[in-house]
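# Chain and residue survey
One letter stands for each residue in the lines below.
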Amino acid sequence: MRSDVRHRVFVVEDHPLMLSGIQRALESHYEMVGAASEAAPAIEMILERRPDLVLLDVRFEGGGGPAVIEGVKRHNKDIKFLAYTVSTSAKDVIRMFRVGVDGYVVKKADEFELADNIEQVLAGGRPVSRYVANYLMQIDDFAAASPELESLTPKEREVMTLIARGYRYREVADELAMSVKTLETHMKHIFDKLGVASRHEVTRIAFETGFVGTE
């Protein structure tokens, strides 16, 4: 890291003692610009403070890490995300990478290892703990098994995610800053690509394939 630059880091962690420890460990390396313990306030604060990187757990109130990453990326795609968690679940690892996390580190790393992982992400790398690295192969397996989902555009994936989570058309349109007519066009494309005829079938496919998590 250049001596005249301190990258800005935001932390999302719902265990107070863990949060305090992370902040103490990183404050000599980075400018710590805030912290949150739930998804909704985390998204709001991250968009307001625009850190270079968000260090976040996977499971916490409001949808966990996936909800935060999706919520931020709708408005700002430049912010980097590094998962720092005790979870070694294949489902969690795959879900986090599906929504765009830049690295996945299990909470066994010390202060210097964690800082090194953060530097790797800031430099465009993708650090992954050896405890979960093998799960990344399943992402490719999922893609091969679900070519229809892979054919969706990024915007169609955003629409599908919100529909699967129970948003109404008007709510989806408002959330994604588009007209209902434009949303209906996206939905027609999703129906055509998935070979379905209703939002209920879209929702079923989203959950059955793991495209959208159950948190």
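As shown above, the structure is provided for reference.
A brief look at the structure comes next. (Residues numbered from 1 in each chain as written. Predicted model: local features only at pLDDT ≥ 70, side-chain atom pairs only at ≥ 80, totals over all residues. Heavy atoms only, no water.)

### A look at the pairing of strand β4 (residues 80-85)
Here β4 lies mainly inside the structure; 5 of its 6 residues are buried. Examined bridge by bridge, strand β3 (residues 53-56) and β4 share 4 bridges and lie parallel to one another. Looking across to β4, one finds that Leu53 is bridged to Lys80. Here β4 runs beside strand β5 (residues 103-106); their pairing, made up of 4 bridges, is parallel. Each residue of the ladder has a partner; that of Leu82, found in β5, is Gly103. In terms of handedness, the path from β4 via helix α4 (residues 90-99) over to β5 forms a crossover that is right-handed. (Buried < 20%, exposed > 50% of the residue type's maximum accessible area, 1.4 Å probe, protein only. Helix = DSSP H or I, 4+ residues; strand = E, 2+ residues; numbered from the N terminus. Pairing = 2+ DSSP bridges. Right-handed = clockwise from strand over helix to strand, strands pointing away.)

### Quick look at the packing of aromatic side chains
One pass over the structure, following the stated rule, counts 0 aromatic pairs. Above the face of the Tyr131 ring, Arg130 is positioned so that its terminal group lies 4.5 Å from the ring centre. (Phe/Tyr/Trp six-rings, centres within 6.5 Å; stacked < 30°, edge-to-face > 60°. Lys NZ or Arg CZ within 6 Å of the ring centre and 35° of its normal.)

### Side note on the side chain of Asp57
By the secondary structure assignment, Asp57 is in the loop between β3 and α3 (64-73). Classification of Asp57 by relative accessible area gives buried; the value is 7%. A distance of 2.8 Å separates polar atoms of two side chains, one belonging to Asp57 and the other to Thr85. Among residues more than four places away in sequence, those in contact with Asp57 are Val12, Glu13, Gly65, Tyr84, Thr85, Met96 and Lys107. (Polar contact = N/O pair within 3.5 Å; in protein donor to acceptor, adjacent residues only side chain to side chain. Contact = heavy atoms within 4.5 Å.)

### Quick look at the sheet that holds β4
Strand order in the open sheet formed by 5 strands is β2-β1-β3-β4-β5, and the pairing between neighbours is parallel. Each edge of the sheet is formed by a strand with only one pairing partner; in this case those strands are β2 (31-36) and β5. With direction set aside, neighbouring strand axes in the sheet form an average angle of 20°. Two strands pair when backbone bridges link them, and strand β1 (residues 8-12) and β3 are joined in this way by 4 bridges, in the parallel orientation. Each residue of the ladder has a partner; that of Val12, found in β3, is Leu56. (Axes fitted to C-alpha atoms, helices over the stretch in contact; angles between N-to-C directions.)

### Comments concerning helix α10 (residues 180-194)
Across its 15 residues, α10 extends 21 Å between first and last C-alpha, which sits within 8% of the 21 Å expected from 1.5 Å per residue. By the burial criterion, the buried members of α10 are Leu183, His186, Met187, Ile190, Phe191 and Leu194. Projected onto a plane normal to the axis of α10, the buried residues spread over an arc of 140° and lie on a single side. Away from its buried face by more than 90 degrees, α10 exposes Lys181 and Asp192. Once α10 ends, the next one or two residues include Gly195, with phi positive near 70°. (Expected span 1.5 Å × (residues − 1). Arc of directions from axis to C-beta.)

### Some thoughts on the pairing of β3
Taking every second residue as pointing to the same face, both faces of β3 are buried, with Leu53 and Leu55 on one and Val54 and Leu56 on the other. Note that the unit made of β3, α3 and β4 has a crossover that is right-handed.

### Here we look at the pattern of salt bridges
Counting across every chain of the model gives 11 salt bridges. Here Glu70 and Arg95 are joined by a salt bridge, their closest N and O atoms 2.9 Å apart. Here Glu70, found in helix α3, pairs with Arg95, found in helix α4; they are 25 residues apart in sequence, far enough to count as distant. For the pair Glu70 and Arg95, a shared accessibility class is recorded, and that class is buried. (Salt bridge = Lys/Arg side-chain N within 4 Å of Asp/Glu carboxyl O.)

### Comments concerning the nonpolar core
Core analysis: the largest hydrophobic core is formed by 28 residues, its most contacted members being Ile46, Val68 and Phe81. The residues contacting Ile46, other than those within four sequence positions of it, are Phe10, Val12, Pro51, Val54, Val68, Val72 and Ile79. Core analysis: the second largest hydrophobic core is formed by 21 residues, Met160, Leu176, Val202 and Phe211 among them. (Core = buried A, V, L, I, M, F, W, Y, C linked by side-chain atoms within 4.5 Å.)

### Focus: the environment of Ser87
Summarising the element assignment, Ser87 is placed in the loop between β4 and α4. Taking relative accessible area as the criterion, Ser87 reaches 12% and is therefore assigned buried. Considering only alpha carbons, one finds Ser87 and Val58, 29 residues apart in sequence, at a separation of 7.4 Å. With residues up to four places along the chain from it excluded, the contact list for Ser87 reads Asp92, Tyr104, Val106 and Val132.

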